[in-house]
Amino acid sequence: MSGRSGESVVSTLRQPEDLVAHGLAPAAALPDLTRVAARYAIAITPHVAGLIDPADPDDPIARQYVPSADELAAQAGERADPIGDHAHSPVDGIVHRYPDRVLLKLVHVCAVYCRFCFRREMVGPAKEAALSKSATAAALDYIRSHPEIWEVILTGGDPLMLSPRRLAEIMTELAAIDHVKIIRIHTRVPVADPARVIDEMVAALKVAGATTWLALHANHPRELTPAARSACARIVDAGIPMVSQSVLLRGVNDEAATLEALMRAFVECRIKPYYLHHGDLAPGTAHLRTTLEQGQALMRALRGRVSGLCQPDYVLDIPGGYGKSPVGPDYLSHSDLTSGKGEHPPESRYRIVDYCGGIHLYPPVP
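About the criteria used
Residues numbered from 1 in each chain as written. Predicted model: local features only at pLDDT ≥ 70, side-chain atom pairs only at ≥ 80, totals over all residues. Heavy atoms only, no water. Helix = DSSP H or I, 4+ residues; strand = E, 2+ residues; numbered from the N terminus. Expected span 1.5 Å × (residues − 1). Contact = heavy atoms within 4.5 Å. Phe/Tyr/Trp six-rings, centres within 6.5 Å; stacked < 30°, edge-to-face > 60°. Buried < 20%, exposed > 50% of the residue type's maximum accessible area, 1.4 Å probe, protein only. Lys NZ or Arg CZ within 6 Å of the ring centre and 35° of its normal. Salt bridge = Lys/Arg side-chain N within 4 Å of Asp/Glu carboxyl O. Pairing = 2+ DSSP bridges. Axes fitted to C-alpha atoms, helices over the stretch in contact; angles between N-to-C directions.

### A look at helix α5 (residues 133–144)
Here comes step 1: The terminal C-alpha atoms of α5 lie 17 Å apart, and with 12 residues this matches the ideal 16 Å at 1.5 Å per residue to within 8%.
Here comes step 2: Structurally, α5 contributes buried residues whose contacts are with β1 (94–98), β2 (101–105), β3 (151–155) and α6 (164–175).

### Things to note about the packing of aromatic side chains
Here comes step 1: For the coordinates displayed, the defined rule picks out one aromatic pair.
Here comes step 2: Measuring from ring centre to ring centre gives 4.1 Å for Y274 and Y275, while their planes differ by 20°; the resulting arrangement is stacked.
Here comes step 3: What makes Y274 partly exposed here is its relative accessible area of 26%.
Here comes step 4: Residue Y275 is classed as buried on the basis of its relative accessible area, which comes to 17%.
Here comes step 5: The ring centre of Y98 lies 4.1 Å from the NZ or CZ of R101, which sits over that ring.

### Some remarks on the pattern of salt bridges
Here comes step 1: Tallying each qualifying case throughout the model produces 21 salt bridges.
Here comes step 2: Measuring nitrogen to oxygen at the nearest pair gives 3.4 Å for the salt bridge that ties R35 to D32. With R35 and D32 both in helix α2 (residues 30–37) and three residues apart, the pair spans about one turn of that helix.
Here comes step 3: R35 sits in the exposed class, given a relative accessible area of 52%.
Here comes step 4: Its salt-bridge partner being R119, residue D85 comes within 2.7 Å of it at the nearest N-O pair. With D85 in the loop between α4 (60–65) and β1 and R119 in the loop between β2 and α5, the pair connects residues that are 34 residues apart, well separated along the chain.
Here comes step 5: Residue class for D85 comes out buried when judged on its relative accessible area of 0%.

### As for the sheet that holds strand β7 (residues 271–277)
Here comes step 1: Strand order in the open sheet made by the nine strands is β1-β2-β3-β4-β5-β6-β7-β8-β9, with mixed pairing throughout. Where the open sheet ends on each side, the last strands, each with one partner, are β1 and β9 (324–326). Going from strand to strand, the sheet's axes swing by 30° on average, the running direction of each strand aside.
Here comes step 2: For β7 and strand β8 (residues 313–317), the ladder comprises three bridges, and the chain directions are parallel. Note on β8: the bridge partner recorded for Y275 is D313.
Here comes step 3: Strands in contact with helix α10 (residues 256–268) are β5 (211–217), β6 (242–247) and β7; relative to β7, the strand with the most contacts, it is inclined by about 145°.

By themselves, these figures tell us nothing about what the structure is for.
And the structure:
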């Protein structure tokens, strides 16, 4: 595959020198990028590299994957475990934050490494690649011993980095647990390395005894290339429903038109928009975060631009492990009305703001 620079990218780029050689970073940035690479993993697949325009210093694909010296500047309030995985991890590989579902983190590697990743201190080649055999057995035993667990969410790292054989084994073991009815897989692979989504991989996702859902992470409409769309179609055509998750990122998707195009692209691919995450307080990611007010304004704009099929929930993962909370704009407030003559007590109604900013009373005034 050829990037827009004309350089041929035939393998995943993992070193700062690779980024410079392929025109994705200037040579002058090499010392800073080397410092970033010493702390945080780098990986840009040939497919993703081919989407980047090296002539555009603000390219939204590059901004997600190409490291920056800004990552060396940690801000107050940022933390290595911003959403509190460790506080809710009863055994290695399990995060049990909500009563009816758990995360199962089988692998700690990804096809690509996002510069805003909230697990950036936990994943990458310098970390253990996968959960050990004994730790996996203990994690499965934990799930078996907790009948309230209805859903298991495979995450990591990216679970589609497992071989189809290993993935099928895990899926079969989970589906054999009577109380596990849903297995959800969170992945970047269909947009980062769509050639990996082969028939054997798709077959591994389907298992008797449980329903599989797949959550695709993409942040910009250009990521949904023809190859990525074909990979998603193979999954959906196999009977596996898909939802999306995206992160609101400054300079990537913080304009209404870009979010509109992204959500429309998901729906066109038969992927239901699910979550739009506010950026987490991971170290060195302040340059990619927006404000909550900006996110709320974008959600208001999206409400007026696209169908309900295209509406994700805008959520904030509360630092410290307290879970996700919807933080979209509030359209409803109370309004006490009187006749103006003091003859009747105040009557409580609601003020509702429509998508154009108009204010209405509910129930309407007679």
